[in-house]
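One-letter residues, chain by chain:
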Amino acid sequence: MPDTPHRHPARRTVLAGALALAGTGALSAWSTAPATAAALRAYDEQYRPQVHFSPAKNWMNDPNGLIHHNGTYHLFFQYNPSGATWGNMSWGHATSPDLVHWEEQPVAIPHDDEEMVFSGSAVFDRDNTSGLGAAANPPLVAIYTSMVKATGRQRQSLAYSIDDGATWTRYAGNPVLDIGSDNFRDPKVFWHEPTARWVMVIALSAEHRISVYTSPDLKSWTHRSDFGPSAATGGVWECPDLFELPVAGAPGRRMWVLIVNLNPGGPAGGSGGQYFTGDFDGTRFTADPHDAPRWLDHGADAYAGVTYNDAPDGRRILVTWMNNWLYGEKVPTSPWRSANGFPRELGLRATPDGGAALVQQPVAELATLRRTPALRIAGRRVRAGATRLLRDAGQTYEIEAVLRPDGARRCGLEVRTGGGHRTRIGYDSGGELYVDRTASGDVGFAAEFPAVHRAPLALTDGVLRLRLIVDRSSVEVYTGDGTVCLTDQIFPGPDATGLGTFAEEGGMHVERLTVWPLRSAW
Ligand code: FRU
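All of these numbers come straight from a predicted model, not from anything done at the bench.

Cut-offs used in this document
- Residues numbered from 1 in each chain as written.
- Predicted model: local features only at pLDDT ≥ 70, side-chain atom pairs only at ≥ 80, totals over all residues.
- Heavy atoms only, no water.
- Helix = DSSP H or I, 4+ residues; strand = E, 2+ residues; numbered from the N terminus.
- Rg over C-alpha atoms; globule rule 2.2 N^0.38 Å.
- Buried < 20%, exposed > 50% of the residue type's maximum accessible area, 1.4 Å probe, protein only.
- Contact = heavy atoms within 4.5 Å.
- Areas by Shrake-Rupley, 256 points an atom, 1.4 Å probe, with all protein chains shown as cover.
- Lys, Arg positive; Asp, Glu negative; His and termini not counted.
- Charge placed at Lys NZ, Arg CZ, Asp CG, Glu CD.
- Salt bridge = Lys/Arg side-chain N within 4 Å of Asp/Glu carboxyl O.
- Pairing = 2+ DSSP bridges.
- Near = heavy atom within 4 Å.
- Polar contact = N/O pair within 3.5 Å; in protein donor to acceptor, adjacent residues only side chain to side chain.
- Disulfide = S-S within 2.5 Å.
- Core = buried A, V, L, I, M, F, W, Y, C linked by side-chain atoms within 4.5 Å.
- Domains from an automatic or database assignment.

1. Observations regarding the overall build of the protein
Logical step 1: Helix and strand counts for the protein stand at 2 helices and 33 strands.
Logical step 2: Expected size for 522 residues packed as a compact globule is a radius of gyration near 24 Å; at 22 Å, the protein falls within 12% of this value.
Logical step 3: For the protein, the C-alpha atoms occupy an extent of roughly 70 × 55 × 45 Å along the three principal directions.
Logical step 4: Taken over 522 residues, the protein has a buried fraction of 61%.
Logical step 5: Contacts in the protein between residues at least 24 apart in sequence constitute 62% of all its contacts with a sequence separation of at least 6.
Logical step 6: As displayed, the protein offers around 18500 Å² of accessible surface, 49% of which is attributable to carbon and sulfur atoms.
Logical step 7: In the protein, which carries 48 positive and 56 negative side-chain charges, the distance between the mean positions of the two groups comes to 5 Å.

2. Focus on the pattern of salt bridges
Logical step 1: Taken as a whole and assessed by the stated rule, the structure comprises 27 salt bridges.
Logical step 2: Across the pair Glu115 and Arg170 runs a salt bridge whose closest N-O atoms are separated by 2.8 Å. You can see Glu115 sitting in strand 5 (residues 115-124) and its partner Arg170 sitting in strand 8 (residues 169-170), a full 55 residues away along the chain. An identical accessibility class is assigned to Glu115 and Arg170; each is buried.

3. Details of the pairing of strand 30 (residues 474-479)
Regular strands place side chains that alternate from one sheet face to the opposite one.
Logical step 1: Burial of strand 30 is extensive: 6 of the 6 residues sit out of reach of the surface.
Logical step 2: Here strand 30 shows two buried faces, one formed by Ser474, Glu476 and Tyr478 and the other by Val475, Val477 and Thr479.
Logical step 3: Examined bridge by bridge, strand 29 (residues 464-471) and strand 30 share 5 bridges and lie antiparallel to one another. When the bridges of strand 30 are listed, Arg467 appears paired with Tyr478.
Logical step 4: Hairpin connection from strand 29 to strand 30: 2 residues lie between these consecutive antiparallel strands.

4. Considerations on the site of the ligand
Logical step 1: Residues in contact with the ligand amount to 14 residues; listed here are only the nearest, Asp62, Gln78, Arg185, Asp186 and Trp325.
Logical step 2: Between the ligand and Arg185, the relevant distance is 2.8 Å, taken from an oxygen atom to a side-chain nitrogen or oxygen of the residue.
Logical step 3: Notes on the ligand: free accessible area 320 Å², of which the protein chains cover 100%.
Logical step 4: Among the elements of the structure, strand 1 (58-69), strand 5 and strand 9 (184-192) are those that each provide at least two residues to the shell around the ligand.

5. Regarding the state of the cysteines
Logical step 1: What the rule picks out here adds up to 0 disulfides.
Logical step 2: The closest cysteine sulfur to the non-disulfide-bonded Cys239 is located on Cys485, 19 Å from its own sulfur.
Logical step 3: Given the relative accessible area of 5%, Cys239 is considered buried.
Logical step 4: Considering cysteine sulfurs only, Cys485 is the nearest to Cys411, which forms no disulfide, with 20 Å between them.

6. Looking at the nonpolar core
Logical step 1: Within the largest apolar cluster, 38 residues are counted, with the highest numbers of intra-cluster contacts made by Leu75, Trp102 and Tyr308.
Logical step 2: Taken together, the elements giving at least two residues each to this core come down to strand 1, strand 2 (72-80), strand 5, strand 17 (303-307) and strand 18 (317-321).
Logical step 3: The element contributing the most residues to this core is strand 2, with 4 residues.
Logical step 4: Counting contributing residues, this core receives three or more from each of domain 2 (58-364) and domain 3 (370-517).
Logical step 5: In this structure, Leu433, Val475, Leu486 and Ile490 belong to the second largest nonpolar core, which totals 35 residues.

7. Quick notes on the domain arrangement of the protein
Logical step 1: Assigned domains within the protein: domain 1 (9-41), domain 2 (58-364) and domain 3 (370-517).
Logical step 2: Inter-centroid distance (C-alpha atoms) of domain 1 to domain 2 is 22 Å.

Given below as C-alpha coordinates:
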(Lines give C-alpha, C1' and ligand atoms only; values in the text may rest on other atoms or scores of the structure.)
Protein backbone atom coordinates (compact mmCIF):
# COMPACT_ATOMS: atom_id res chain seq x y z
CA MET A 1 0.00 0.00 0.00
CA PRO A 2 1.42 3.40 -0.85
CA ASP A 3 2.54 5.55 2.03
CA THR A 4 -0.26 8.11 2.09
CA PRO A 5 -0.45 10.55 5.01
CA HIS A 6 -3.33 8.91 6.79
CA ARG A 7 -1.82 5.47 6.24
CA HIS A 8 1.66 6.45 7.38
CA PRO A 9 2.02 4.36 10.56
CA ALA A 10 2.89 7.26 12.85
CA ARG A 11 0.48 9.61 11.16
CA ARG A 12 -2.34 7.04 11.31
CA THR A 13 -2.02 6.90 15.10
CA VAL A 14 -2.23 10.65 15.30
CA LEU A 15 -5.20 10.71 12.97
CA ALA A 16 -7.02 8.29 15.27
CA GLY A 17 -6.35 10.73 18.10
CA ALA A 18 -7.62 13.61 16.02
CA LEU A 19 -10.82 11.71 15.28
CA ALA A 20 -11.37 11.14 18.97
CA LEU A 21 -10.95 14.86 19.56
CA ALA A 22 -13.36 15.85 16.81
CA GLY A 23 -15.88 18.45 17.86
CA THR A 24 -13.71 21.47 18.44
CA GLY A 25 -13.70 23.29 15.10
CA ALA A 26 -15.71 26.16 13.68
CA LEU A 27 -17.28 25.89 10.25
CA SER A 28 -17.28 29.35 8.76
CA ALA A 29 -15.54 32.47 10.08
CA TRP A 30 -13.26 32.21 13.08
CA SER A 31 -10.57 34.02 14.93
CA THR A 32 -7.79 32.56 17.03
CA ALA A 33 -5.97 34.26 19.87
CA PRO A 34 -2.53 35.47 18.70
CA ALA A 35 0.42 33.49 19.96
CA THR A 36 1.70 35.03 23.19
CA ALA A 37 4.50 37.58 23.01
CA ALA A 38 6.66 35.30 25.14
CA ALA A 39 6.22 32.42 22.71
CA LEU A 40 7.07 34.68 19.80
CA ARG A 41 10.25 35.90 21.51
CA ALA A 42 11.56 32.47 22.45
CA TYR A 43 13.90 31.97 19.52
CA ASP A 44 16.84 31.00 21.59
CA GLU A 45 16.19 27.31 22.20
CA GLN A 46 19.03 24.98 21.34
CA TYR A 47 18.71 24.08 17.63
CA ARG A 48 16.22 26.89 16.96
CA PRO A 49 17.14 28.26 13.52
CA GLN A 50 18.15 31.91 13.52
CA VAL A 51 17.81 32.61 9.80
CA HIS A 52 15.04 30.15 8.92
CA PHE A 53 11.36 30.27 9.77
CA SER A 54 10.09 27.84 12.39
CA PRO A 55 6.86 28.10 14.37
CA ALA A 56 7.21 29.06 18.04
CA LYS A 57 5.80 25.73 19.09
CA ASN A 58 4.32 22.51 17.73
CA TRP A 59 4.57 20.59 14.51
CA MET A 60 4.96 22.01 11.01
CA ASN A 61 5.27 20.30 7.62
CA ASP A 62 4.75 21.54 4.05
CA PRO A 63 4.75 25.21 3.09
CA ASN A 64 1.29 26.09 1.75
CA GLY A 65 -0.42 28.99 0.03
CA LEU A 66 2.79 30.88 -0.77
CA ILE A 67 1.71 34.25 -2.11
CA HIS A 68 3.08 37.78 -2.26
CA HIS A 69 0.33 40.33 -1.82
CA ASN A 70 0.38 44.08 -1.13
CA GLY A 71 4.05 44.04 -0.20
CA THR A 72 3.80 41.05 2.13
CA TYR A 73 5.09 37.52 1.65
CA HIS A 74 2.59 35.12 3.16
CA LEU A 75 3.72 31.73 4.30
CA PHE A 76 1.05 29.28 5.30
CA PHE A 77 2.10 25.84 6.46
CA GLN A 78 0.83 22.44 7.49
CA TYR A 79 0.49 22.85 11.23
CA ASN A 80 -0.66 20.91 14.25
CA PRO A 81 -1.93 23.63 16.63
CA SER A 82 -1.90 21.25 19.57
CA GLY A 83 1.06 18.91 19.31
CA ALA A 84 4.66 18.43 18.19
CA THR A 85 3.93 15.50 15.88
CA TRP A 86 1.73 15.28 12.78
CA GLY A 87 -2.01 15.63 13.39
CA ASN A 88 -4.97 18.05 13.46
CA MET A 89 -3.64 19.45 10.22
CA SER A 90 -4.46 23.11 9.83
CA TRP A 91 -2.92 26.04 7.97
CA GLY A 92 -0.54 27.96 10.22
CA HIS A 93 0.49 31.42 9.01
CA ALA A 94 3.47 33.74 9.04
CA THR A 95 4.20 36.98 7.18
CA SER A 96 7.33 38.75 6.05
CA PRO A 97 8.27 41.93 4.20
CA ASP A 98 11.49 40.39 2.87
CA LEU A 99 11.50 36.54 3.10
CA VAL A 100 13.99 36.81 5.97
CA HIS A 101 12.17 38.37 8.92
CA TRP A 102 9.00 36.43 9.72
CA GLU A 103 6.19 37.17 12.09
CA GLU A 104 4.04 34.26 13.14
CA GLN A 105 0.32 34.92 12.84
CA PRO A 106 -2.74 33.17 14.27
CA VAL A 107 -3.72 29.87 12.66
CA ALA A 108 -5.35 30.79 9.35
CA ILE A 109 -7.49 27.75 8.54
CA PRO A 110 -7.99 25.34 11.44
CA HIS A 111 -9.07 21.74 11.08
CA ASP A 112 -12.65 21.17 12.19
CA ASP A 113 -15.04 18.34 13.05
CA GLU A 114 -15.15 17.10 9.50
CA GLU A 115 -11.86 17.80 7.81
CA MET A 116 -8.16 18.23 8.15
CA VAL A 117 -6.79 21.06 6.04
CA PHE A 118 -4.07 19.49 3.92
CA SER A 119 -1.64 21.21 1.56
CA GLY A 120 -2.58 23.61 -1.19
CA SER A 121 -2.01 27.05 -2.64
CA ALA A 122 -3.40 30.58 -2.60
CA VAL A 123 -4.20 33.03 -5.39
CA PHE A 124 -5.18 36.68 -5.62
CA ASP A 125 -8.49 36.67 -7.51
CA ARG A 126 -7.95 40.10 -9.00
CA ASP A 127 -11.10 40.08 -11.11
CA ASN A 128 -13.21 38.48 -8.38
CA THR A 129 -13.92 35.57 -10.76
CA SER A 130 -14.99 33.52 -7.75
CA GLY A 131 -17.45 36.13 -6.52
CA LEU A 132 -16.05 35.50 -3.04
CA GLY A 133 -14.98 39.12 -2.67
CA ALA A 134 -16.14 42.27 -4.44
CA ALA A 135 -14.87 44.07 -7.52
CA ALA A 136 -13.63 46.84 -5.25
CA ASN A 137 -12.12 44.37 -2.79
CA PRO A 138 -11.09 41.20 -4.60
CA PRO A 139 -10.34 38.19 -2.41
CA LEU A 140 -7.36 36.02 -1.71
CA VAL A 141 -8.52 32.45 -2.26
CA ALA A 142 -6.89 29.36 -0.75
CA ILE A 143 -7.37 26.06 -2.56
CA TYR A 144 -6.59 23.21 -0.18
CA THR A 145 -7.09 19.47 0.14
CA SER A 146 -9.90 18.77 2.52
CA MET A 147 -9.13 15.38 4.08
CA VAL A 148 -12.40 13.98 5.39
CA LYS A 149 -11.69 12.71 8.88
CA ALA A 150 -14.37 10.03 8.85
CA THR A 151 -13.41 8.42 5.54
CA GLY A 152 -9.93 9.57 4.49
CA ARG A 153 -11.33 10.95 1.25
CA GLN A 154 -9.33 13.82 -0.26
CA ARG A 155 -11.38 16.57 -1.90
CA GLN A 156 -10.46 20.10 -2.94
CA SER A 157 -11.98 23.03 -1.10
CA LEU A 158 -11.75 26.82 -0.93
CA ALA A 159 -11.34 29.38 1.82
CA TYR A 160 -11.14 33.11 1.17
CA SER A 161 -9.91 36.27 2.79
CA ILE A 162 -11.12 39.80 2.16
CA ASP A 163 -8.76 41.38 4.69
CA ASP A 164 -5.38 40.78 3.03
CA GLY A 165 -4.99 37.28 4.41
CA ALA A 166 -5.56 38.08 8.09
CA THR A 167 -8.70 35.97 8.49
CA TRP A 168 -10.14 33.21 6.34
CA THR A 169 -13.66 31.89 5.74
CA ARG A 170 -14.51 28.50 4.28
CA TYR A 171 -16.55 28.64 1.07
CA ALA A 172 -20.10 27.42 1.73
CA GLY A 173 -20.12 25.37 -1.50
CA ASN A 174 -17.16 23.15 -0.55
CA PRO A 175 -15.82 20.85 -1.84
CA VAL A 176 -15.22 22.24 -5.33
CA LEU A 177 -13.53 19.10 -6.69
CA ASP A 178 -14.15 15.54 -5.54
CA ILE A 179 -13.29 12.51 -7.68
CA GLY A 180 -13.94 10.00 -4.91
CA SER A 181 -10.24 9.38 -4.26
CA ASP A 182 -8.31 9.15 -1.02
CA ASN A 183 -5.04 9.91 -2.83
CA PHE A 184 -5.79 13.17 -4.62
CA ARG A 185 -4.09 16.15 -3.07
CA ASP A 186 -2.00 19.33 -2.86
CA PRO A 187 -3.53 21.59 -5.56
CA LYS A 188 -1.26 24.32 -6.91
CA VAL A 189 -3.33 26.94 -8.72
CA PHE A 190 -2.17 29.88 -10.83
CA TRP A 191 -3.63 32.28 -13.39
CA HIS A 192 -2.68 31.32 -16.97
CA GLU A 193 -2.68 34.55 -18.92
CA PRO A 194 -2.71 33.16 -22.51
CA THR A 195 -5.91 31.17 -21.89
CA ALA A 196 -7.27 33.67 -19.32
CA ARG A 197 -8.29 31.04 -16.81
CA TRP A 198 -7.10 29.30 -13.68
CA VAL A 199 -4.90 26.21 -13.93
CA MET A 200 -4.54 23.61 -11.20
CA VAL A 201 -1.86 20.93 -10.99
CA ILE A 202 -2.64 18.27 -8.41
CA ALA A 203 -1.22 14.87 -7.46
CA LEU A 204 -2.91 11.53 -7.96
CA SER A 205 -0.37 10.40 -5.43
CA ALA A 206 -0.53 6.63 -5.56
CA GLU A 207 -0.68 6.56 -9.38
CA HIS A 208 2.37 8.83 -9.79
CA ARG A 209 0.38 11.23 -11.91
CA ILE A 210 -0.05 14.96 -11.93
CA SER A 211 -3.46 16.03 -13.23
CA VAL A 212 -4.12 19.37 -14.88
CA TYR A 213 -7.51 21.03 -14.34
CA THR A 214 -8.73 24.43 -15.47
CA SER A 215 -11.43 26.76 -14.18
CA PRO A 216 -12.96 30.14 -15.03
CA ASP A 217 -13.92 30.87 -11.41
CA LEU A 218 -11.98 28.60 -9.00
CA LYS A 219 -15.28 26.81 -8.23
CA SER A 220 -15.89 24.59 -11.26
CA TRP A 221 -12.97 22.55 -12.51
CA THR A 222 -12.47 20.65 -15.77
CA HIS A 223 -9.96 17.83 -16.12
CA ARG A 224 -7.60 18.47 -19.07
CA SER A 225 -4.66 16.04 -18.92
CA ASP A 226 -2.40 13.84 -16.83
CA PHE A 227 1.39 13.71 -16.63
CA GLY A 228 3.30 10.63 -15.43
CA PRO A 229 4.38 8.20 -14.18
CA SER A 230 7.87 9.41 -15.05
CA ALA A 231 11.42 9.50 -13.61
CA ALA A 232 11.35 8.91 -9.84
CA THR A 233 8.37 6.84 -8.71
CA GLY A 234 9.76 5.22 -5.56
CA GLY A 235 7.06 6.78 -3.38
CA VAL A 236 3.80 8.69 -3.55
CA TRP A 237 3.77 11.88 -5.61
CA GLU A 238 2.84 14.97 -3.62
CA CYS A 239 2.94 18.76 -3.73
CA PRO A 240 3.38 19.56 -7.45
CA ASP A 241 4.10 22.99 -8.90
CA LEU A 242 4.19 24.32 -12.46
CA PHE A 243 5.64 27.63 -13.68
CA GLU A 244 7.43 29.30 -16.56
CA LEU A 245 10.90 30.84 -16.49
CA PRO A 246 13.18 32.57 -18.97
CA VAL A 247 16.20 30.51 -20.02
CA ALA A 248 19.50 32.24 -19.34
CA GLY A 249 21.87 31.72 -22.25
CA ALA A 250 19.01 31.37 -24.79
CA PRO A 251 17.71 34.90 -25.45
CA GLY A 252 13.94 35.16 -25.75
CA ARG A 253 13.39 31.54 -24.80
CA ARG A 254 11.05 30.52 -21.96
CA MET A 255 10.39 27.03 -20.64
CA TRP A 256 8.08 25.43 -18.10
CA VAL A 257 9.16 23.60 -14.97
CA LEU A 258 7.07 20.93 -13.24
CA ILE A 259 8.06 20.15 -9.66
CA VAL A 260 6.98 16.80 -8.25
CA ASN A 261 7.78 15.89 -4.66
CA LEU A 262 7.84 12.24 -3.71
CA ASN A 263 7.96 10.25 -0.53
CA PRO A 264 9.81 7.95 -0.09
CA GLY A 265 12.18 7.52 -3.04
CA GLY A 266 14.16 10.74 -2.63
CA PRO A 267 17.89 10.92 -3.48
CA ALA A 268 19.05 10.68 0.15
CA GLY A 269 16.35 8.25 1.26
CA GLY A 270 12.81 9.16 2.27
CA SER A 271 11.34 12.46 1.08
CA GLY A 272 12.70 14.35 -1.93
CA GLY A 273 11.78 16.61 -4.81
CA GLN A 274 12.32 16.19 -8.54
CA TYR A 275 11.74 18.52 -11.46
CA PHE A 276 10.97 18.25 -15.14
CA THR A 277 11.54 20.91 -17.78
CA GLY A 278 9.34 21.16 -20.84
CA ASP A 279 6.37 22.92 -22.37
CA PHE A 280 2.87 23.74 -21.17
CA ASP A 281 0.16 24.85 -23.60
CA GLY A 282 -2.53 25.67 -21.04
CA THR A 283 -3.87 22.13 -20.89
CA ARG A 284 -0.95 19.72 -21.07
CA PHE A 285 2.63 19.57 -19.80
CA THR A 286 5.13 17.84 -22.08
CA ALA A 287 8.51 16.99 -20.57
CA ASP A 288 11.87 17.12 -22.31
CA PRO A 289 13.34 13.62 -22.45
CA HIS A 290 15.64 12.78 -19.54
CA ASP A 291 16.69 9.34 -18.39
CA ALA A 292 17.50 9.99 -14.77
CA PRO A 293 15.45 11.94 -12.23
CA ARG A 294 16.53 15.54 -11.80
CA TRP A 295 16.64 16.45 -8.14
CA LEU A 296 15.84 19.81 -6.66
CA ASP A 297 18.14 19.00 -3.77
CA HIS A 298 20.37 16.02 -3.03
CA GLY A 299 20.16 16.23 0.74
CA ALA A 300 17.73 14.55 3.08
CA ASP A 301 15.92 17.65 4.24
CA ALA A 302 14.30 19.52 1.38
CA TYR A 303 10.75 18.31 0.89
CA ALA A 304 7.44 19.67 -0.37
CA GLY A 305 9.22 22.53 -2.16
CA VAL A 306 6.77 24.83 -3.93
CA THR A 307 6.96 28.42 -5.18
CA TYR A 308 5.36 31.79 -4.56
CA ASN A 309 2.50 33.09 -6.63
CA ASP A 310 2.70 36.77 -7.60
CA ALA A 311 6.26 37.38 -6.40
CA PRO A 312 7.36 40.82 -7.62
CA ASP A 313 9.63 41.43 -10.64
CA GLY A 314 8.97 37.99 -12.12
CA ARG A 315 10.90 36.33 -9.32
CA ARG A 316 10.28 32.62 -8.79
CA ILE A 317 10.92 31.76 -5.14
CA LEU A 318 10.94 28.24 -3.74
CA VAL A 319 10.39 27.28 -0.09
CA THR A 320 10.84 23.75 1.21
CA TRP A 321 10.03 21.92 4.41
CA MET A 322 13.51 21.29 5.90
CA ASN A 323 12.73 17.82 7.17
CA ASN A 324 12.02 14.27 6.05
CA TRP A 325 9.13 11.89 6.75
CA LEU A 326 11.71 9.16 7.55
CA TYR A 327 12.46 10.73 10.94
CA GLY A 328 10.71 14.11 10.94
CA GLU A 329 8.64 13.42 14.02
CA LYS A 330 11.69 12.34 16.00
CA VAL A 331 14.09 15.26 15.49
CA PRO A 332 15.28 16.40 18.95
CA THR A 333 13.78 19.90 18.97
CA SER A 334 11.31 21.42 21.39
CA PRO A 335 8.76 22.94 21.75
CA TRP A 336 8.76 23.41 17.97
CA ARG A 337 9.40 20.83 15.30
CA SER A 338 10.53 21.65 11.76
CA ALA A 339 11.78 24.71 9.96
CA ASN A 340 11.65 25.77 6.33
CA GLY A 341 14.58 25.74 3.97
CA PHE A 342 15.99 29.19 3.26
CA PRO A 343 13.93 30.72 0.38
CA ARG A 344 15.58 30.18 -3.01
CA GLU A 345 15.46 32.16 -6.21
CA LEU A 346 14.98 29.84 -9.18
CA GLY A 347 16.19 30.28 -12.72
CA LEU A 348 16.85 28.16 -15.82
CA ARG A 349 20.12 27.89 -17.67
CA ALA A 350 20.47 26.55 -21.22
CA THR A 351 22.19 23.14 -21.45
CA PRO A 352 24.23 21.80 -24.40
CA ASP A 353 21.46 19.30 -25.29
CA GLY A 354 19.14 22.20 -26.18
CA GLY A 355 17.25 21.93 -22.91
CA ALA A 356 17.67 23.70 -19.61
CA ALA A 357 18.68 23.03 -16.04
CA LEU A 358 17.26 24.57 -12.91
CA VAL A 359 19.58 26.90 -11.02
CA GLN A 360 18.97 27.91 -7.43
CA GLN A 361 20.48 30.51 -5.12
CA PRO A 362 19.46 31.77 -1.70
CA VAL A 363 17.32 34.89 -2.17
CA ALA A 364 19.49 38.02 -2.29
CA GLU A 365 17.84 39.31 0.90
CA LEU A 366 20.12 36.93 2.82
CA ALA A 367 22.86 39.54 2.46
CA THR A 368 20.94 41.88 4.79
CA LEU A 369 21.84 39.52 7.65
CA ARG A 370 25.57 39.49 6.95
CA ARG A 371 27.86 40.94 9.58
CA THR A 372 31.46 41.95 8.94
CA PRO A 373 33.40 38.91 7.75
CA ALA A 374 34.95 36.89 10.55
CA LEU A 375 37.51 35.42 8.18
CA ARG A 376 38.84 36.07 4.70
CA ILE A 377 41.43 33.81 3.12
CA ALA A 378 43.07 34.32 -0.23
CA GLY A 379 45.43 31.52 -1.15
CA ARG A 380 46.34 28.93 1.45
CA ARG A 381 47.60 25.41 1.03
CA VAL A 382 46.10 22.65 3.19
CA ARG A 383 48.17 19.51 3.70
CA ALA A 384 46.54 16.15 4.19
CA GLY A 385 44.76 16.18 7.56
CA ALA A 386 42.35 18.51 9.28
CA THR A 387 43.09 22.17 10.02
CA ARG A 388 41.11 24.51 12.21
CA LEU A 389 40.50 27.89 10.60
CA LEU A 390 38.36 29.40 13.34
CA ARG A 391 37.85 28.29 16.91
CA ASP A 392 34.59 30.18 17.11
CA ALA A 393 32.66 30.80 13.92
CA GLY A 394 29.42 30.79 15.91
CA GLN A 395 26.39 28.72 15.05
CA THR A 396 24.93 30.77 12.22
CA TYR A 397 26.94 31.96 9.24
CA GLU A 398 27.35 32.05 5.51
CA ILE A 399 30.44 30.94 3.60
CA GLU A 400 31.61 31.48 0.06
CA ALA A 401 34.62 29.38 -0.83
CA VAL A 402 36.68 28.45 -3.85
CA LEU A 403 38.63 25.26 -3.15
CA ARG A 404 41.04 23.48 -5.45
CA PRO A 405 41.60 19.80 -4.70
CA ASP A 406 45.34 19.36 -5.10
CA GLY A 407 45.82 15.64 -5.15
CA ALA A 408 43.37 14.97 -2.31
CA ARG A 409 41.09 12.00 -2.65
CA ARG A 410 38.51 13.86 -0.56
CA CYS A 411 38.67 17.44 0.71
CA GLY A 412 36.53 20.32 1.81
CA LEU A 413 35.21 22.11 4.87
CA GLU A 414 34.26 21.01 8.36
CA VAL A 415 31.54 23.04 10.04
CA ARG A 416 30.07 23.03 13.54
CA THR A 417 33.11 21.23 14.95
CA GLY A 418 33.83 20.72 18.64
CA GLY A 419 33.09 18.23 21.39
CA GLY A 420 33.61 15.38 18.95
CA HIS A 421 31.04 16.76 16.51
CA ARG A 422 31.68 17.78 12.93
CA THR A 423 29.83 17.99 9.65
CA ARG A 424 31.88 17.61 6.51
CA ILE A 425 31.07 19.25 3.20
CA GLY A 426 33.45 17.70 0.76
CA TYR A 427 34.39 16.86 -2.77
CA ASP A 428 35.27 13.29 -3.68
CA SER A 429 37.66 13.10 -6.62
CA GLY A 430 35.42 10.37 -8.03
CA GLY A 431 33.17 13.28 -9.04
CA GLU A 432 30.84 13.85 -6.11
CA LEU A 433 29.88 16.55 -3.68
CA TYR A 434 28.99 15.08 -0.30
CA VAL A 435 27.77 16.04 3.13
CA ASP A 436 28.79 13.69 5.92
CA ARG A 437 26.59 14.12 8.99
CA THR A 438 27.51 10.79 10.62
CA ALA A 439 29.28 12.63 13.48
CA SER A 440 27.33 15.89 13.25
CA GLY A 441 25.98 15.84 16.82
CA ASP A 442 22.87 14.09 18.12
CA VAL A 443 22.33 11.47 15.45
CA GLY A 444 20.86 8.74 17.64
CA PHE A 445 17.15 9.53 17.47
CA ALA A 446 16.62 7.62 14.20
CA ALA A 447 18.65 4.90 12.51
CA GLU A 448 18.30 6.62 9.12
CA PHE A 449 19.68 9.96 10.30
CA PRO A 450 23.47 9.48 10.47
CA ALA A 451 24.50 9.21 6.82
CA VAL A 452 26.57 10.61 3.98
CA HIS A 453 24.55 12.29 1.22
CA ARG A 454 25.98 12.67 -2.25
CA ALA A 455 25.44 14.50 -5.50
CA PRO A 456 27.26 13.99 -8.80
CA LEU A 457 29.39 17.05 -9.50
CA ALA A 458 31.86 17.92 -12.23
CA LEU A 459 34.28 20.66 -11.21
CA THR A 460 34.56 23.74 -13.41
CA ASP A 461 38.17 24.79 -14.04
CA GLY A 462 39.25 22.27 -11.41
CA VAL A 463 37.71 24.22 -8.53
CA LEU A 464 34.87 23.61 -6.14
CA ARG A 465 32.82 26.76 -5.58
CA LEU A 466 30.73 26.48 -2.44
CA ARG A 467 28.08 28.68 -0.93
CA LEU A 468 26.92 27.51 2.49
CA ILE A 469 24.25 28.63 4.91
CA VAL A 470 24.94 27.16 8.33
CA ASP A 471 22.37 27.58 11.08
CA ARG A 472 21.88 26.10 14.53
CA SER A 473 20.52 22.86 13.13
CA SER A 474 21.08 22.86 9.38
CA VAL A 475 23.53 23.10 6.53
CA GLU A 476 22.52 24.19 3.03
CA VAL A 477 25.07 23.78 0.24
CA TYR A 478 24.88 25.45 -3.17
CA THR A 479 27.40 24.56 -5.84
CA GLY A 480 27.78 23.84 -9.55
CA ASP A 481 26.66 27.43 -10.29
CA GLY A 482 23.37 26.69 -8.55
CA THR A 483 22.64 23.43 -10.37
CA VAL A 484 23.48 21.30 -7.32
CA CYS A 485 22.00 21.87 -3.85
CA LEU A 486 22.18 19.78 -0.74
CA THR A 487 20.25 20.47 2.46
CA ASP A 488 20.77 18.51 5.67
CA GLN A 489 19.66 18.99 9.25
CA ILE A 490 22.32 18.57 11.94
CA PHE A 491 22.04 18.69 15.74
CA PRO A 492 25.47 19.64 17.10
CA GLY A 493 26.14 20.78 20.66
CA PRO A 494 26.07 24.55 21.30
CA ASP A 495 29.86 24.53 21.71
CA ALA A 496 30.45 23.00 18.30
CA THR A 497 31.34 26.35 16.78
CA GLY A 498 34.63 25.48 15.12
CA LEU A 499 35.25 25.75 11.41
CA GLY A 500 38.00 24.01 9.51
CA THR A 501 39.27 22.38 6.36
CA PHE A 502 40.19 18.80 5.69
CA ALA A 503 42.04 16.91 2.99
CA GLU A 504 42.55 13.16 2.73
CA GLU A 505 45.22 11.28 0.77
CA GLY A 506 46.61 14.51 -0.68
CA GLY A 507 46.37 18.28 -0.35
CA MET A 508 43.97 21.08 -1.18
CA HIS A 509 44.32 24.72 -1.98
CA VAL A 510 41.96 27.31 -0.50
CA GLU A 511 41.89 29.89 -3.26
CA ARG A 512 39.32 32.10 -1.52
CA LEU A 513 37.14 31.78 1.50
CA THR A 514 34.93 34.30 3.30
CA VAL A 515 32.87 33.68 6.43
CA TRP A 516 30.06 36.08 7.27
CA PRO A 517 28.47 35.60 10.68
CA LEU A 518 24.73 36.06 10.15
CA ARG A 519 22.54 38.21 12.36
CA SER A 520 19.57 36.47 13.87
CA ALA A 521 16.43 37.31 11.93
CA TRP A 522 14.41 37.42 15.16
C1 FRU B 1 3.32 16.07 2.18
C2 FRU B 1 1.91 15.73 2.64
C3 FRU B 1 0.91 16.24 1.62
C4 FRU B 1 -0.32 16.41 2.46
C5 FRU B 1 0.25 16.91 3.75
C6 FRU B 1 -0.52 16.50 4.98
O7 FRU B 1 4.24 16.14 3.21
O8 FRU B 1 1.81 14.35 2.83
O9 FRU B 1 0.72 15.37 0.53
O10 FRU B 1 -1.23 17.33 1.90
O11 FRU B 1 1.56 16.39 3.84
O12 FRU B 1 -0.01 17.11 6.13
